[in-house]
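Examination of the molecular architecture
The lines below spell out each chain.
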Amino acid sequence: MVTHTNLHRQFLLEQEAISCGKQRLHDSLEKLEGKSYASASVYGVSSIKEALPYLMKTVEDTFCKLKNGQAGKFYKEIAIYIDDLEPLAISTILLKITFDRVFSTQRGANLVTPTLVAIGAALESECKFRWYKHNYPGLMHYISDKFFHDACGTMQKQAIASKKFGEHDIRWNPWSIKAKTSLGRWGLTAVMETTNWFTINKRKTHRKKYDYRVVPTPEFNEKRAELIKSAELFSGIPWPMLVVPDDWGYNETGEIIYGGYLTNRMMRGHDLTRKGNPTIIHGETPINFLNKLQAVKYCVNNHILQVAVEMRSRGRIIGKFIPISPSYKPPRPPSADDDCDANLAWRRAMAESYNADRINFKRSVRTRTQLEAAEKFKDEIFHLCWSFDYRGRAYPIPAFLTPQDTDFGKALLVFADESSVTDEAELWLSFQVATTFGLDKSTLEDRHQWVSENHELITKVATDPIRYLSDWEAVDEPWQFMAACHEYYHCCIAKDKLTTGLMVAVDATCSGLQILAALAKDKSTAELVNVVPSATPSDAYRAVADKAKEFLPSYMHQWMNRTVCKRTVMTIPYNATKDSSRKYIREALLEKGIDPTKDELTQVVNAIYSSMDSIVPGPMRVMRWIKKHVGQYIRNGATEVQWVTPSGFVVNQRRDDIETMRMELQLLGRTSIRLPTGNSTPSPTKHKSSTAPNYIHSFDASILHRSFTQFDEPFTVIHDSVLCRAGDMGTLNRLVRETYSNIFSEKCWLSEFAETINASEPPPIVGTLDPKVVSNSTYFFC
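Everything numeric in this text was worked out from a predicted model, so none of it was measured.

Spatial ordering of the open sheet is given by 12-20-19, a layout of three strands whose pairing is antiparallel. What marks the edges here is a single partner per strand, and that holds for strand 12 (504-506) and strand 19 (715-718). Averaged over neighbouring strand pairs, the angle between their axes works out to 25 degrees when direction is ignored. The sheet contact formed by strand 19 and strand 20 (residues 721-724) spans four bridges and is antiparallel. Paired with Val717 across the bridge in strand 20 is Val722.

A few words on a nonpolar patch on the surface. On the surface, a nonpolar cluster with roughly 290 Å² of combined accessible area is contributed by Ile200, Tyr210 and Tyr212. With respect to the helices and strands, Ile200 occurs in strand 1 (residues 198-204).

Before going further, it helps to examine unusual backbone geometry. You will see that Asp169, though not glycine, has its phi angle at about 60 degrees, which is positive. For Asp169, the position within the fold is in the loop between helix 7 (154-167) and helix 8 (177-195). Under the relative-accessibility criterion, Asp169 is labelled exposed at 60%.

Next up on the list: the pattern of salt bridges. Per the stated rule, a full pass over the model turns up 44 salt bridges. A salt bridge links Arg316 to Glu473; its shortest N-O distance comes to 3.1 Å. Remark: Glu473 occurs in the loop between helix 18 (455-463) and helix 19 (478-493) and Arg316 occurs in the loop between helix 12 (302-314) and helix 13 (340-363); sequence separation between them is 157 residues. Between Asp405 and Arg366 there is a salt bridge, with the nearest N and O atoms lying 3.0 Å from each other. On the criterion of sequence distance, the pair formed by Asp405 in the loop between strand 8 (394-396) and helix 15 (407-411) and Arg366 in helix 14 (residues 365-376) is long-range, its members being 39 residues apart. A relative accessible area of 9% places Asp405 in the buried class. If you follow the salt bridges from partner to partner, you end up with Glu86, Glu126 and Arg130 in one network.

The full count for this structure, using the stated rule, is 45 aromatic pairs. Centre to centre, the rings of Trp239 and Phe377 are 6.5 Å apart; their planes meet at 70 degrees, and the pair counts as edge-to-face. Residue Trp239 is located in the loop between helix 9 (218-233) and strand 3 (249-250), and its partner Phe377 is located in the loop between helix 14 and strand 7 (386-389); the two are separated by 138 residues in the primary sequence. Phe377 carries the same exposure label as Trp239, and that label is buried. Here the aromatic cluster, defined as three or more aromatic residues joined through ring pairs, consists of Trp643, Tyr695, Phe699, Tyr740, Phe744, Trp749, Phe753, Phe780 and Phe781.

Conventions used here
- Residues numbered from 1 in each chain as written.
- Predicted model: local features only at pLDDT ≥ 70, side-chain atom pairs only at ≥ 80, totals over all residues.
- Heavy atoms only, no water.
- Pairing = 2+ DSSP bridges.
- Helix = DSSP H or I, 4+ residues; strand = E, 2+ residues; numbered from the N terminus.
- Axes fitted to C-alpha atoms, helices over the stretch in contact; angles between N-to-C directions.
- Patch = residues over 30% accessible without salt bridge, like charges linked within 9 Å, V, L, I, M, F, W, Y side chains within 5 Å.
- Areas by Shrake-Rupley, 256 points an atom, 1.4 Å probe, with all protein chains shown as cover.
- Salt bridge = Lys/Arg side-chain N within 4 Å of Asp/Glu carboxyl O.
- Buried < 20%, exposed > 50% of the residue type's maximum accessible area, 1.4 Å probe, protein only.
- Phe/Tyr/Trp six-rings, centres within 6.5 Å; stacked < 30°, edge-to-face > 60°.

Shape is all these values report; function is a separate question.
The following block contains the structure:
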């Protein structure tokens, strides 16, 4: 029940979230400016992106004048030193260094002369690294691969490269200070004249002398303040809520009623549909689904939190749980003062240690934030705000304490409203223990049998997880396994707990193929993905692997198993390319100790695709049909593809070609800009690659929207997976199967889609499947 006290607490919590977000934003700005890295700030990134196209035009004009023989003050240095650099590279460097120096809080950073030299030095560094890469690609690749990593900054990379090349007697001919200053003067002048954001300020010093500084103009100071203020509006931390979030909906005129946080109706910082068309009105079913999802109560699993706090103190990495764990710092050897080699070795070891600490600090960000959120809400009952993506899938707005988190993040959550431990609940708790251990492909009987035979293991993990850490840290989902063991022990072994709030999850078997099988009415595919009832779970991945052997020489047969094929089979329904499949397959083979040649890898990829055509013909034909006719639809003048899903959610898909320039600087990374032409063209190619996967996603979302119209117990979702309490899973599992059956029995959705896109050919319906058979399929969602 929502009380005045709870509403007041929630209002204060949202105010705190906004305040903390603002503080983090300003702390970040202060940190970036203190490190002379304002180009990476919210105002720096936005402003540089805006100015780049115009500064590029100025640089291009300079190059044209140079080629036309129109000599100028700085053209000699340009012709000698940077004639080979692209205008995008030059412009990016000029803007980056200017922002970094002007807004730096380091003393004297924005003095004119140091700024000019810094611009020239940055241009030299780009040229220097390109020279290394062009003339000594092998050595440059070795240095980059061996010595460059996430903790390396620009200056560190330069120092490493110079030292390593010097050891091979390869030296860059450095530019003179005069040349760098001249180039810097030209570059800074171009930035100031193009943007009108900077000027030179003459200031009298205490010694009756003058210094000259590059400073922002009043116009840019106003722009900067507006950008920061705008960022503040969206900087609030999206925490869980202490009251039921506001419902989403529409008023009488069709305008959206903003839901979620209490302040969202005023702030409008979170949309109902992410990256969607805000004018579209969706049906009642998906809106009711989302509001029901927001009403679910959660609390923190304090058992998991206590273990995590202990593991944090020990710096122990377990799966995706990555706390800060300082690396070993070797003591300085006593002989270091007299032995240069020993001193150098120690300094290198210390440098590597500190670099490892910086990398680990970055890797631990998610874990640290998860623990921070869990400790903040450990004594609370809370709710989550949700919204849709443009295909209808539901996503939580908070980033932490959600079911769509890592294994550790999921384990931190339980339903606050618990249910009685019935005989059915015991079976599903057993299912959760075995599944998280790694038996997700076993039969239900085998999973229950494994649990009954491993009570001793479960008891040890449940009662003393720290002492018996080695028994659970290496399983498939260690934290969820530990949580499941704890719940199963107390509910089913010790029987000192009579209710359970553990989230039990069931997942679709290759959801993409399940939906494509129903769309094409293809029974052979449906049998492979557990749409058709069977005594044991079917395995499409193994079937594809076995079939692929027919297309491969005999010595490769031993390579082919479900693991090698799995990611490719999973992603082909979502239009995965052969290039991405090559990567997945090669990674799987390397894990088996097999390093295939380029030709062998091509053979394996082609064999898997050929076997897919044989094993799942209906889905493959449907995807090709969608590609062909959606491409024609866009080429015939359509600007977007729009369809209504079985739940009434309206999908609006836009895929445009926008003029873009992309390049990778040797030290400053990848830069991408969109030219301000104002023109964009609907892309047949992008629509062809996007429509089939988005169409599938919209259907798996609709199945969940409609399934939960009849389900009034606590639940949550992870894309196409559903989670509820153990005692409710039998009911929910039946509803999901019935919904799938009803959706694909009520009409031919592909024929309706064919009319939407004016297809010139009817869809390829196989017609051998009756979707109603799924009602009796034990392993459809399992």
